[in-house]
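Commentary on secondary and tertiary structure
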Amino acid sequence: MKKALLNFFSKIEPNKEKQPLLHTAYDAFFTFAFTPNETTVNGVHMRDGMDLKRLMVHVVLALQLCFVFGTYNIGHQHFLALGEYTGFLEGAHLKLAQGLLKLIPLYAVAMIVGLGIEFFYASKKGHAVEEGFLVSGALIPLIMPPDLPLWILALSVVFAVIIGKEAFGGTGMNILNIALLSRVFVFFAYPTTISGDEVWVSGLVATAAGSGVEYGWWHNVFFNGIFEAFGWATFDATAVVADGYTGATPLSLAFKGGWEAVTAEYTTAQMWWGTIPGSIGESCKPLILVGALFLAVTGIASWRIMVGMLFGGVVMTLILNAWGATEFMQVPWYYQFYMGSFFFAMAFMATDPVTASGTTTGKWIYGFLIGFVGMIVRVMNPAYPEGWMLAIIFMNVFAPLIDHYVIEANIGRRNKRALAVAATTKGA
Amino acid sequence: MDFVNIFLKTAFVENLVLAYFLGMCSYLAVSKTVKTAFGLGLAVIFVLGITMPINWLINTYLLGENGVFGTDLTFLRFILFIAVIASMVQLVEMIVEKYSPSLYTALGIFLPLITVNCAILGGSLFMVSREYNFTESLAFGLGGGFGGFLAIIAIAAIREKIRYSNVPPALRGLGMAFILTGLMGIAFMSLMGIDPAAFSAN
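Now for a description of the structure that goes with this document. (Residues numbered from 1 in each chain as written. Chains lettered and ligands numbered in written order. Predicted model: local features only at pLDDT ≥ 70, side-chain atom pairs only at ≥ 80, totals over all residues. Heavy atoms only, no water.)

Brief notes about helix 12 (residues 303-323) of chain A
Residues and elements named next belong to chain A.
- Helix length check: helix 12 (21 residues) gives 30 Å between terminal C-alpha atoms against 30 Å at 1.5 Å per residue, within 8%.
- Buried within helix 12 are the following residues: Ile305, Met306, Gly308, Met309, Gly312, Gly313, Val314, Met316, Thr317 and Leu320.
- N-cap assignment for helix 12: the residue whose side-chain oxygen lies 3.2 Å from the backbone N of Arg304 is Ser302.
- Backbone geometry just downstream of helix 12 places Gly324 in the positive-phi region, at approximately 60 degrees. (Helix = DSSP H or I, 4+ residues; strand = E, 2+ residues; numbered from the N terminus. Expected span 1.5 Å × (residues − 1). Buried < 20%, exposed > 50% of the residue type's maximum accessible area, 1.4 Å probe, protein only. Polar contact = N/O pair within 3.5 Å; in protein donor to acceptor, adjacent residues only side chain to side chain.)

Structure representation (structure tokens):
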């Protein structure tokens, strides 16, 4: 298998001089499958097989569970709004079809636009394609609402990759997290597509009771044709949103009426298992925690940042509990983590090794402050429903500063120690 | 409580540099290393913290209708504010020159240029238009200074870091600094809209 793949690759390798653009593309896919065996010419260098590309693949692997659940949940939320197939596993084929119809275009657009820009810059600057976009491109669809127009997604990816990354010199040089920067772009440039109660459920004209569904050719002809052939239930183009349905997310309910308003609509089990409306990948907490554990154990994501962030969030909620000016502030700290995207941000966003602090002490401070600031934004800022995206961007800005002072402190301490040692040896 | 509210609000929510984009010249010019940026940041805190209450006193007791002269002299506001700022900056300059000659040379022309820094004069004018009282204007001055301090050392640390990045040649230096300022402005928008006073009222 391995040999056949290697043979295949050596057979199709284009000429580097004659077709530089094609060779760049070939190189990207070859190093995706195999670690390159280039060695240095002089001097001894230790190299690990665990290079950047394999590191990124691990993160993408950790995201797979979120992808699967997210796809299914898009469909599940769609049919919950219609009041059909309310059991989680009822109508599974319809839910999966609806989810795929939403997720695949988002993923494809993010990948094509992002990788297109990467390929363009790589051939222009004459270096190998940097694979940084593999992770960003996998994260971006997961943090968007399912019904986001594709051109807005494309625009946000263009902004994030060019301004956020290529301007800084490419992969590993960016200051702000690319995936979050694209979401921030959508958030500030097209706020109605990514906030409020309307956008988190896919395929509806509106979330008000009685409004219709938006089905296209794929629903009515393609999937219905297949399902009819099997004798399964089909998409019903005349379905309308059920009475009493609002589509409000737990966070928007909590902002209006505290924890009572949330539990009136959703159970804690629903919030924990993620069968609630929200961004595509953020909702299912156990699966995200599995991914987080995988990243922490393999050493790709820093467990210090995760623990620090959890700690910071808890401390801030305890302060807010003590303050207790609004109903949202009085929500107990352990319930805060049932709502919103805290765990997703903790596992996959805050731990981005490029934009986080690099020093060990710095990671604790960085993580703690994300938790602290994020909870302030979530609870106290009336303009934004959730805080982690902006808190992480905010702390990305300060991460180099934290590192600077941690390193300065280290230098000072070691200087002192060296001076002390010098003084004692002199005395003796 | 008002003191803390206004301090936090001007430092984080309505940051003079990253929300109003005031005081850009020294912010962009002296942010190449954290050390000099730190010195300039302290100078900005000092100047804002001193001039704001003094300007408040002048505005109320010299220029106002209930002041010493008993007539409305507010048309003199600009010239007097600038005079106060200039003398304060002179003071800072002498202190820095005496105690830290290396910082004095590193800051160069940008230290006297704080005089015409729009963040400082803008701060005084904000104070007048928002009708702050004495303690509030002190809080506003210190908060604004702290916000500027934070912004300038943050961008200095980032600029030290991206010195090792492969930035396209056309963007090196100021071009990158402008892009960074924009991105930092986005980051600071996270706190925009929070009003601490709205919560303490209940």
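Topic: the packing of helix 5 (residues 133-142) of chain A against helix 7 (residues 178-189) of chain A
Residue and element names in this part refer to chain A.
- Closest axis-to-axis distance for the helix 5/helix 7 pair is 8 Å, and the angle between their directions is 40 degrees. If you check the angle between helix 5 and helix 7, you find them oblique. Crossing angle aside, the handedness with which helix 5 passes helix 7 is right-handed. Here helix 5 contributes Ser136, Leu139 and Ile140 to the contact with helix 7, which in turn contributes Ile178, Ala179 and Ser182. (Axes fitted to C-alpha atoms, helices over the stretch in contact; angles between N-to-C directions. Parallel < 35°, antiparallel > 145°, perpendicular 65-115°, else oblique. Left-handed = near helix turned anticlockwise from the far one by under 90°. Contact = heavy atoms within 4.5 Å.)

Section: the nonpolar core
- Core analysis: the largest hydrophobic core is formed by 165 residues, its most contacted members being Phe344 and Phe348 of chain A together with Tyr27 of chain B.
- Each of two domains, domain 1 (20-34 + 51-247) and domain 2 (296-421) of chain A, supplies a minimum of three residues to this core.
- With residues near it in sequence (within four places) discarded, Tyr27 of chain B still touches Val17, Leu18, Ala151, Ile152, Ile155, Thr181 and Met184 of chain B. (Core = buried A, V, L, I, M, F, W, Y, C linked by side-chain atoms within 4.5 Å. Domains from an automatic or database assignment.)

Section: the pattern of salt bridges
- Overall, the coordinates contain 5 salt bridges over all chains when judged by the stated rule.
- Here Asp147 of chain A and Lys102 of chain A are joined by a salt bridge, their closest N and O atoms 2.9 Å apart. With a gap of 45 residues between them, Asp147 of chain A in the loop between helix 5 and helix 6 (150-165) and Lys102 of chain A in helix 4 (residues 92-125) connect regions that are remote in the sequence.
- Residue Lys102 of chain A is classed as buried on the basis of its relative accessible area of 19%.
- Of the charged contacts in the structure, one is a salt bridge between Glu386 of chain A and Arg378 of chain A, with a shortest N-O distance of 2.8 Å.
- The class of Glu386 of chain A is buried, set by a relative accessible area of 15%.
- Within this structure, Lys9, Glu14 and Arg130 of chain B form a network of salt bridges that share partners. (Salt bridge = Lys/Arg side-chain N within 4 Å of Asp/Glu carboxyl O.)

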